[in-house]
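Structural overview
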Amino acid sequence: MNLNSLKGYSKTTKKPWSICLDERFSLIHRIRSKQCRLYSLGLGNDDSQFELGMASSGCEVHRFDPSARAAHSQEGPRLWYHRLSIDWRDPNPAVAAHRLRSSTKKLGTVLNEFGHQKIDVLKADVESAEWKILENLILEDVVEQIGQLVFEVHIHWPGFEVSGNDSTVVRYWYSLLRELELKDFRLFHTYKDLSKPQMFLKKEAFNASSCYTLSWVNTRWK
């Protein structure tokens, strides 16, 4: 189910960021008790209807965007902006010292710094960095601290720091999706963005899209 039934959600949102509100899982109960937490990873994305809707519904919402005006700012009772880019590695301290306006950190590092043990929903729209970020979340077991994943994935090229021939790249992607299944994440919604080019690994692909939004629920979270 999406957020249509929740307070503050607008149907004018540019794409469906679907979450699972099945009573068997924890998110709907944590929304009702005002205890849910959403992390939103983005790169200068102006579409904030999903985040605003979740905040209006009682969720604690943290948006991470390296283009944010301030290092940390609170825009409403339950909405925070952070000038941070979530990456698959922590920066080299010698290099980071010279970067005054932005910071890049792994999600596990941010969770530790913020004192957050769990994230109910992790939304990511990070323009092809999603594959390496997902790999890091799996390798460091951070994904087990997440109740639901809503990721925009790009398949028109391998992605940042992913290399090899087409078969190698597809096996890499598949291995990450398979690891999610092994950790009891279940894919419950897909969205094919028809406004994007019909490309797959730099080749035209009929009736396909270079961009999909995939939503998983962690079935261990009851």
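Read on for an overview of the structure. No experiment lies behind these values; they were computed from the predicted model shown. (Residues numbered from 1 in each chain as written. Predicted model: local features only at pLDDT ≥ 70, side-chain atom pairs only at ≥ 80, totals over all residues. Heavy atoms only, no water.)

To continue, consider the overall build of the protein chain. Check the secondary structure of the protein chain and you find six helices and twelve strands. Looking at the protein chain as a whole, 51% of its 222 residues are labelled buried. In the protein chain, once contacts between residues fewer than 6 apart in sequence are set aside, the share between residues at least 24 apart is 63%. Per element, the accessible surface of the protein chain, about 11200 Å² overall, is 51% carbon and sulfur. (Helix = DSSP H or I, 4+ residues; strand = E, 2+ residues; numbered from the N terminus. Buried < 20%, exposed > 50% of the residue type's maximum accessible area, 1.4 Å probe, protein only. Contact = heavy atoms within 4.5 Å. Areas by Shrake-Rupley, 256 points an atom, 1.4 Å probe, with all protein chains shown as cover.)

Glancing now at the environment of Pro16. Residue position: Pro16 is located in the segment before helix H1 (26–32). Note on Pro16: relative accessible area 24%, which makes it partly exposed. Sequence-wise, Pro16 and Thr190 are 174 residues apart; in three dimensions their C-alpha atoms are separated by 9.3 Å. Pro16 has contacts with Tyr191 and Thr213, leaving out every residue within four places of it along the chain.

Per the counting criterion, the structure on display carries five aromatic pairs. Here the aromatic rings of Trp131 and Trp173 are separated by 5.1 Å at their centres, their planes lie at 20°, and the arrangement is stacked. With a gap of 42 residues between them, Trp131 in helix H5 (residues 130–139) and Trp173 in helix H6 (residues 166–182) connect regions that are remote in the sequence. Considered together, Trp131 and Trp173 belong to a single accessibility category, that of buried residues. Seen from their ring centres, Trp173 and Phe200 are 6.1 Å apart, and the 75° between their planes marks the pair as edge-to-face. Pair noted here: Trp173 is in helix H6 and Phe200 is in strand E10 (residues 199–200), with a separation of 27 residues, a long-range link. Owing to a relative accessible area of 6%, Trp173 belongs among the buried residues under this scheme. Chaining the aromatic ring pairs together yields one cluster made of Tyr39, Phe64 and Phe114. (Phe/Tyr/Trp six-rings, centres within 6.5 Å; stacked < 30°, edge-to-face > 60°.)

Before going further, it helps to spend a moment on the pattern of salt bridges. Two side chains bearing opposite charge may form a pair once their charged atoms approach each other closely. Enumeration over the complete set of coordinates arrives at 17 salt bridges. Note that Arg220 is salt-bridged to Asp184, the shortest N-O span being 2.9 Å. Here Arg220, found in the segment after strand E12 (211–218), pairs with Asp184, found in the loop between H6 and strand E9 (185–192); they are 36 residues apart in sequence, far enough to count as distant. Here Asp184 falls in the partly exposed class, since its relative accessible area comes to 25%. If you follow the salt bridges from partner to partner, you end up with Asp87, Arg89 and Glu161 in one network. (Salt bridge = Lys/Arg side-chain N within 4 Å of Asp/Glu carboxyl O.)

Turning our attention to the sheet that holds strand E1 (residues 37–42). A sheet is described by the order of its strands in space; here eight strands give the open sequence E3-E4-E2-E1-E7-E8-E12-E9, paired in mixed fashion. Strands at the two margins of the open sheet, each flanked by one partner only, are strand E3 (72–76) and E9. Taken pair by pair, the neighbouring strands of this sheet meet at an average axis angle of 15°, ignoring direction. Examined bridge by bridge, E9 and E12 share seven bridges and lie antiparallel to one another. When the sheet's bridge partners are listed, Leu187 is paired in E12 with Trp216. (Pairing = 2+ DSSP bridges. Axes fitted to C-alpha atoms, helices over the stretch in contact; angles between N-to-C directions.)

Those residues of helix H2 (residues 49–56) that sit buried are Phe50, Glu51, Gly53, Met54 and Ala55. Tucked into the core, H2 has its buried residues touching E1, strand E2 (60–64), strand E4 (79–82) and strand E7 (119–125). In the stretch just after H2, Gly58 is the one whose phi turns positive, near 110°.

With that settled, the discussion passes to H5. Extensive coverage of H5 is indicated by the burial of nine of its ten residues. Residues of H5 that are buried include every one of Glu130, Trp131, Lys132, Ile133, Leu134, Glu135, Asn136, Leu137 and Ile138, and no others. For H5, the secondary structure elements touched by its buried residues are strand E5 (85–87), strand E6 (104–106), helix H4 (107–114), E7, strand E8 (146–154) and H6. Just downstream of H5 lies Asp141, where phi reads positive at about 60°.

As a further point, take unusual backbone geometry. Phi angles above zero are rare outside glycine, and Glu161 is one such case at about 60°. Take Glu161: it is sitting in the loop between E8 and H6. The phi dihedral of Asp184 is positive, around 70°, even though this residue is not glycine.

These values are about where atoms sit, not about what they do.
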